[in-house]
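# Summary of the model geometry
Now for the letters of each chain:
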Amino acid sequence: QVQLVESGGGLVQPGGSLRLSCVASGSIFSINAMGWYRQAPGKQRELVAVITSSSTTTYADSVKGRFTISRDNAKNMVYLQMNSLKPEDTAVYYCNALIRRISDRSLGNYWGQGTQVIVSS
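What comes next concerns the included structure. (Residues numbered from 1 in each chain as written. Predicted model: local features only at pLDDT ≥ 70, side-chain atom pairs only at ≥ 80, totals over all residues. Heavy atoms only, no water.)

Looking now at the overall build of the chain. A count of helices and strands for the chain gives zero helices and 11 strands. Start at the N end of the chain and walk to the C end: the helices and strands fall as β-β-β-β-β-β-β-β-β-β-β. At 14 Å, the chain has a C-alpha radius of gyration in line with the 14 Å of a compact globule built from 121 residues. Across its three principal axes, the chain shows a C-alpha extent of roughly 50 × 25 × 25 Å. Long-range contacts, defined here as pairs at least 24 residues apart, represent 57% of the contacts in the chain between residues at least 6 apart. When the accessible surface of the chain is split by element, carbon and sulfur atoms take 47% of a total near 6,300 Å². In the chain, 12 positive and 7 negative side-chain charges are present, and the distance between their average locations comes to 4 Å. (Helix = DSSP H or I, 4+ residues; strand = E, 2+ residues; numbered from the N terminus. Rg over C-alpha atoms; globule rule 2.2 N^0.38 Å. Contact = heavy atoms within 4.5 Å. Areas by Shrake-Rupley, 256 points an atom, 1.4 Å probe, with all protein chains shown as cover. Lys, Arg positive; Asp, Glu negative; His and termini not counted. Charge placed at Lys NZ, Arg CZ, Asp CG, Glu CD.)

We now examine unusual backbone geometry. Peptide bonds are, in most cases, trans, and in most cases residues other than glycine have a negative phi. Not every positive phi belongs to a glycine, and Ser-55 is a case in point at roughly 70 degrees. With respect to the helices, strands and loops of the structure, Ser-55 is situated in the loop between strand E5 (46–51) and strand E6 (57–59). Assessed through its relative accessible area of 44%, Ser-55 is described here as partly exposed. Despite not being glycine, Arg-105 has its phi angle at roughly 60 degrees, a positive value. Tracing the chain through its elements places Arg-105 in the loop between strand E9 (91–101) and strand E10 (107–111). (Buried < 20%, exposed > 50% of the residue type's maximum accessible area, 1.4 Å probe, protein only.)

Let's shift gears to the pairing of strand E11 (residues 115–119). The side-chain alternation of E11 yields one buried face, formed by Thr-115, Val-117 and Val-119, and one unburied face, formed by Gln-116 and Ile-118. With three bridges connecting them, strand E2 (residues 10–12) and E11 associate as parallel partners. By the bridge assignment for E11, Gly-10 is matched with Val-117. Of the pairings in the sheet, the one linking E9 to E11 comprises three bridges and is antiparallel in character. Its bridge partner lying in E11, Tyr-93 is registered against Thr-115. (Pairing = 2+ DSSP bridges.)

Glancing now at the environment of Arg-101. Mapped onto the elements of the fold, Arg-101 is located in strand E9. Excluding its chain neighbours within four sequence positions, the residues that come into contact with Arg-101 are Val-2, Ser-27, Phe-29, Ser-106 and Tyr-110. Only 2.9 Å separates the side chain of Arg-101 from the side chain of Asp-104, close enough to count as a polar contact. (Polar contact = N/O pair within 3.5 Å; in protein donor to acceptor, adjacent residues only side chain to side chain.)

Further remarks concern the sheet that holds strand E7 (residues 67–72). As a general point, the strands of a sheet are linked pairwise by backbone hydrogen bonds and lie either parallel or antiparallel. Here we have four strands laid out as an open sheet, ordered E1-E3-E8-E7, and antiparallel in their pairing. Of all strands in the sheet, those bounded by a partner on one side alone are strand E1 (2–7) and E7. Neighbour-to-neighbour, the strand axes of this sheet turn through a mean angle of 15 degrees, independent of strand direction. Note that E7 and strand E8 (residues 77–82) share six bridges and pair antiparallel. Looking across to E8, one finds that Thr-68 is bridged to Gln-81. (Axes fitted to C-alpha atoms, helices over the stretch in contact; angles between N-to-C directions.)

The following block contains the structure:
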């Protein structure tokens, strides 16, 4: 069994910062790409940022220059540092990872339960 658990969401004023964390646990052989997605009310889930196992990063245009994704391979963790937050960043943020399990070496796409980020004055 593999689990992803996010933390760090909350309420922040426009212009403020938050740092999201996500830890992967369970029967993990290896982790390929890890990323963050978000879903605002009434909208489709969208990619925010992704980081490969070699730390190559990709960002949505809407967050470039404001958000930074990073990972700690030793701890099976991925982070999202969010600065200069705007009201339009309000959404549920989901952690995602491509994980190869110990049991059968199969590659699976896993999601966390989500953490709410609200940007409002």
